[in-house]
Amino acid sequence: MKLNIALLAGDGIGPEVIDQAVKVSDAVAKKFNHEINWRPALTGAAAIDAVGEPYPDETHEICASSDAVLFGAIGHPRFDNDPSAKVRPEQGLLKMRKKLGLFANVRPTFTFPSLLDKSPLKRERIEGTDLVFLRELTGGIYFGEKGRRDEGETAFDNCVYTRAEVQRLAKKGFELAMTRGKKLCCVDKANVLETSRLWRETVQAMEKEYPEVEVSYEFVDAVAMRLVQWPNSYDVLITENLFGDILTDEASVISGSMGLMPSASLGSNIGLFEPIHGSYPQATGLNIANPMATVLSAAMMFENFGLQKEGKAIRDAVNSALNKGIVTEDLADGGKAFGTSEVGDWLSKNI
Ligand SMILES: NC(=O)C1=CN([C@@H]2O[C@H](COP(=O)(O)OP(=O)(O)OC[C@H]3O[C@@H](n4cnc5c(N)ncnc54)[C@H](O)[C@@H]3O)[C@@H](O)[C@H]2O)C=CC1
Ligand SMILES: CC(C)CC(=O)C(=O)O
Ligand SMILES: [Mg+2]
């Protein structure tokens, strides 16, 4: 297969982890006789510095005309620490997701046998965890009208959802549940929020189309607790943009590190494959960031093309690296820590 992949490294550790995902993907392509044409493009603070905006038209054209997008991370402290900045790196990611129609962010959480005893959570609580968050990605409070009034003394961010937005995300959730444990949890705050009541009403109305799926409705605050208490009781969780963003960072503690958490952002056309973490600015240029989240995002990319063996080759290499202790400092537990590029080299040689 010949694949054109837009490559958006971004900021902070983005370029370092992307380099490893490219190495590993190239090794997979070589092994299975594929050809990957990487198409680098600017985004985030790097794009603001170069052309004044975080998702330039040229980058969009490269993404929209590729078969998929592989993304690192964006964000820089000079924007984080300047609340008055009008043009911000994160706007680039939001704009890209919206313009590419990527409404469903698939964020799997699973445990790795060799890391079970390194988690701050007890083994018996996390063992066997295999859940997937489907986070709505192009609606809700991240995209509603926002602003200031009363001469800047009052700020607002509106949370808006349409029934159609909830339906298309929930449909993906039901379909995913049918291929897995047939359990779906709708995470909302329907005791308080009108948007959540629309979510609940919409999902309830869809239940009869999927009689085999056992559906539960839980409030987001309770899920934040149960997620670390009994994570292995969940299968597929669907939720709105903000709740999904927060709960999935929490879920990284179950797997063992933010540096292990991949994701796929899907719509009806091309997919964007991105680690769930940010640009981890403190680690920029230090060769210490864990590249596995980005490498596993590349595995999701291959699988989304229907290339299951290729995805499995990456997952197997990651598992053996973890088993053999070829890990960056976030997983070294006081033992030997390998560099970002050393882990990438090891993975690509062991494909
Ligand atoms: N998708 C994206 O590009 C995202 C961008 N951001 C941006 O990233 C910047 C930093 O945000 P933070 O809240 O600090 O989130 P972050 O995800 O960059 O880092 C939070 C913590 O997670 C750990 N971590 C993250 N990635 C890791 C990796 N690959 N290996 C090992 N440990 C890792 C580190 O302990 C780090 O301090 C901000 O500018 C923020 O806006 C934040 C989240 C997502
Ligand atoms: C716009 C991003 C910075 C939001 C985020 O944290 C994420 O998508 O995980
Ligand atoms: Mg996030």
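Since the structure is predicted, the reported quantities are computational estimates derived from the model, not experimental observations.

## Concerning the site of ligand 1
Then, in step 1: Neighbouring residues of ligand 1: 22 residues in total, closest G75, G259, H277, G278 and N290.
Then, in step 2: Across the shell around ligand 1, the residue classes tally to 10 nonpolar, eight polar and four charged.

## A look at helix α11 (residues 292-304)
Then, in step 1: With 13 residues, α11 should reach 18 Å at 1.5 Å per residue; the first-to-last C-alpha distance of 18 Å fits that figure.
Then, in step 2: The element α11 is extensively covered by neighbouring structure, given that 11 of its 13 residues are classed as buried.
Then, in step 3: Taken together, the buried positions of α11 are occupied by M292, A293, T294, V295, L296, S297, A298, A299, M300, M301 and F302.
Then, in step 4: Close packing links the buried residues of α11 with α1 (14-31), β3 (68-73), β11 (264-266), β12 (271-273), α12 (308-324) and α14 (340-349).

## Some thoughts on the site of ligand 2
Then, in step 1: For ligand 2, the full set of nearby residues is E90, L93, L94, D245 and I276.
Then, in step 2: Counting residues per element, the shell around ligand 2 draws most heavily on helix α5 (residues 89-99), which supplies three residues.
Then, in step 3: Class assignment for the residues of the shell around ligand 2 results in three nonpolar, no polar and two charged.

## Section: the sheet that holds β11
Then, in step 1: Strand order across the open sheet formed by 10 strands is β2-β1-β3-β12-β11-β4-β5-β10-β8-β9, with mixed pairing between neighbours. One side of each edge strand has no neighbouring strand; the edge strands of this open sheet are β2 (35-40) and β9 (214-219). Geometrically, the sheet is characterised by an average inter-axis angle of 25 degrees between neighbouring strands, direction not taken into account.
Then, in step 2: The pairing of β11 with β12 spans two bridges and is antiparallel.

## Considerations on unusual backbone geometry
Then, in step 1: Non-glycine residue N33 carries a positive phi angle of around 60 degrees.
Then, in step 2: Along the chain, N33 falls in the loop between α1 and β2.
Then, in step 3: A residue is classified by how many C-beta atoms lie within 10 Å of it, and N33, with 7 of them, is exposed.
Then, in step 4: In this structure, Y280 is a non-glycine residue whose phi angle is positive, near 35 degrees.
Then, in step 5: Residue position: Y280 is located in the loop between β12 and α11.
Then, in step 6: Accessibility expressed as a C-beta count within 10 Å gives 23 for Y280, which makes it buried.

## With respect to the domain arrangement of the protein chain
Then, in step 1: Its domain assignment divides the protein chain into domain 1 (1-109 + 258-351) and domain 2 (120-255).
Then, in step 2: Computed from C-alpha atoms alone, the centre-to-centre distance between domain 1 and domain 2 is 24 Å.
Then, in step 3: Tallying the contact residues gives 16 residues for domain 1 and 22 residues for domain 2.
Then, in step 4: Listed by contribution, the elements that provide at least two residues to the side of domain 1 that touches domain 2 are α5 and β4 (104-110).
Then, in step 5: The biggest single contributor to the side of domain 1 that touches domain 2 is β4, with six residues.
Then, in step 6: Residue composition of the side of domain 1 that touches domain 2, by class: 10 nonpolar, three polar and three charged.

## Details of the UniProt feature "binding site: substrate" (unreviewed entry) in the protein chain
Then, in step 1: As annotated in UniProt, the feature "binding site: substrate" (unreviewed entry) corresponds to R97, R107, R135 and D221 in the numbering used here. Separation in sequence by 125 residues is matched in space for these annotated residues, since their most distant C-alpha atoms are 26.6 Å apart.
Then, in step 2: Relative to the assigned elements, R135 resides in strand β5 (residues 130-136).
Then, in step 3: Residues within four places of R135 in sequence aside, it is in contact with N105, R107, T239, N241, G244, D245 and T248.

## Let's talk about the packing of α1 against α12
Then, in step 1: One can describe the packing of α1 onto α12 by two numbers: an axis separation of 10 Å at closest approach and a directional angle of 130 degrees. Here α12 runs oblique to α1, going by the angle between their axes. Our pair here, α1 against α12, has a crossing hand that is right-handed. Along its contact with α1, which presents V24, V28 and K31, the element α12 presents E310, A313 and I314.
Then, in step 2: Residues of the contact of α1 with α12, tallied by class, amount to four nonpolar, no polar and two charged.

Reading the values: rules and limits
Residues numbered from 1 in each chain as written. Chains lettered and ligands numbered in written order. Predicted model: local features only at pLDDT ≥ 70, side-chain atom pairs only at ≥ 80, totals over all residues. Near = placed C-beta within 6 Å. Nonpolar A, V, L, I, M, F, W, Y, C, P; charged D, E, K, R; others polar. Helix = DSSP H or I, 4+ residues; strand = E, 2+ residues; numbered from the N terminus. Expected span 1.5 Å × (residues − 1). Buried ≥ 20, exposed ≤ 12 C-beta atoms within 10 Å, placed from the backbone. Contact = placed C-beta atoms within 7 Å. Pairing = 2+ DSSP bridges. Axes fitted to C-alpha atoms, helices over the stretch in contact; angles between N-to-C directions. Domains from an automatic or database assignment. UniProt positions renumbered as here; feature names shortened; annotations may be inferred. Parallel < 35°, antiparallel > 145°, perpendicular 65-115°, else oblique. Left-handed = near helix turned anticlockwise from the far one by under 90°.

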